[in-house]
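Given next are the chains, with one letter for each unit.
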Amino acid sequence: MALDRLLNVARKEFSDHITSRRFVIILALFLVISAIGMHTGIGQYNDRLESYNQQLQHMEEVAVDGPYAGWMPEKPSIMLIFSAMMAYMTTLGAVLAIAIGFDLVSKEKETRSLKSLLSHPLYRDEIINGKAVGGIAALGFAMVLALAISLAMLLLFSVVPTLEEFTAILIFGVISLGFLLAYFAIALTMSTVSRESGNALIYTLVIFFAVSTLLPVLGAMAGDALAGDRPEPPQSAPMPTPVGRTVTGTASGGSFTSSVSQSVVHRVSEGPDPEWQQYEEDMKAYSEKRIFINDVTNLLSPQTNYYKAAMAVTNPRIAAMMSSPYGPTPEETPGLAEALSQVWMNIAALIVFPSVFFAAAYVKFMRMDIR
């Protein structure tokens, strides 16, 4: 019975959202710009695919021996197309989420309709939970619509995703929805706290600016300040690094050439300079500490978490190289599961962040004085 009442509230809120002029305008703008981005991404994908085919043809024509023996070009993934959607999601997607949530409760306060609403056989928790579920359903509807249009455009341009790529597209949609819920939860909380919708919108936009723009800058500053002083390189010049071959042969240019050959053999046998080895270890520790502090600070930024998580799905190679300066080489491309495991903290933050704000909105609404 309680679930039925909650679903009735959610159904009404969902219907109000998808029929409101504000939602339709922002959603239409979001879908149009996303479609333009998809069209651009498909063109870039086709160019890379053509280059890939040309490289394959060239590899078949040349001899298999030589310095490039065993090398094969990497086939581009259609997930690169969805990279263009990430930028629009962090702007228009956030605006759409804020537009849905900033007046959910404050509008009821302004029209003094909460009293009449509670005069029906409804409890407070059913009202606030129903409003939250209705808003989440509206955002889910927008996300499903965006992915449906994207898949339709792929098929229209004869780009058919594989099963693995289709799974990655669905994961990308779930991560994007989690990002939208973060700002919807902020807007809902501010709507519950504020007495007027205008103030709720201002508070939400201030938080939006703080966590999306100001926090990453502060995170970088905190990383520089808390990581300590940057290691200074040794004064001596670095010795040549062994290249894995032995210097042999006879002197053909007199005593000068012979002495140079002996000098090179002597340096290679000594190995790397201990001072430079220590400097490289100190630099590695300094860089890892700085990146760790920066990453921990940025866990409070939905933009940063979404960017890293979505990048792990759309471009795992770049995501792996971004996670650590001493990570995989550009030639190594991790799989989808491995790439997601490297950004598990960001994915967890996208779950915890809206949960905290939803809990705050729930507690505030349950204790709110309605007069």
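Below is a summary of the structure that appears in this document.

Before going further, it helps to spend a moment on the nonpolar core. Ranked by internal contacts, the top residues of the largest apolar core, which has 72 residues, are Phe 82, Leu 154 and Phe 172. Elements with a contribution of two residues or more to this core: α2 (21-61), α3 (83-101), α6 (124-156), α7 (163-193), α8 (197-226), α11 (302-314), α13 (336-341) and α14 (344-367). The biggest single contributor to this core is α7, with 14 residues. Other than its neighbours up to four places away in sequence, Leu 154 contacts Met 38, Ile 42, Ile 78, Ile 81, Phe 82, Val 159 and Ile 169.

Now for the side chain of Glu 13. In this structure, Glu 13 sits in helix α1 (residues 2-19). Those residues in contact with Glu 13 that sit more than four places away from it in its chain are Leu 104, Glu 108, Gly 130, Lys 131 and Gly 134.

Our next topic: the packing of aromatic side chains. Using the criterion set out here, one finds 7 aromatic pairs in the structure. Consider the rings of Phe 179 and Tyr 183, whose centres lie 5.4 Å apart with planes at 75 degrees: the pair is edge-to-face. Here Phe 179 and its partner Tyr 183 are both found in helix α7, 4 residues apart, which amounts to about one turn of the helix. Comparing Phe 179 with Tyr 183 shows no difference in burial state: the two are buried. Members of the aromatic cluster, joined through ring pairs, are Phe 179, Tyr 183, Phe 208 and Tyr 306.

Below, the discussion takes up the pattern of salt bridges. Summed over all chains, the structure comprises 5 salt bridges. Between Lys 12 and Asp 16 there is a salt bridge, with the nearest N and O atoms lying 2.9 Å from each other. Placement of both Lys 12 and Asp 16 in helix α1 is noted, with a separation of 4 residues, approximately one turn of the helix. Among the ionic pairs, Arg 22 bridges to Asp 103, the shortest N-O distance being 3.2 Å. Residue Arg 22 is located in helix α2, and its partner Asp 103 is located in the loop between α3 and α4 (106-110); the two are separated by 81 residues in the primary sequence.

What counts as what
- Residues numbered from 1 in each chain as written.
- Predicted model: local features only at pLDDT ≥ 70, side-chain atom pairs only at ≥ 80, totals over all residues.
- Heavy atoms only, no water.
- Core = buried A, V, L, I, M, F, W, Y, C linked by side-chain atoms within 4.5 Å.
- Buried < 20%, exposed > 50% of the residue type's maximum accessible area, 1.4 Å probe, protein only.
- Helix = DSSP H or I, 4+ residues; strand = E, 2+ residues; numbered from the N terminus.
- Contact = heavy atoms within 4.5 Å.
- Phe/Tyr/Trp six-rings, centres within 6.5 Å; stacked < 30°, edge-to-face > 60°.
- Salt bridge = Lys/Arg side-chain N within 4 Å of Asp/Glu carboxyl O.

These figures capture arrangement, not role.
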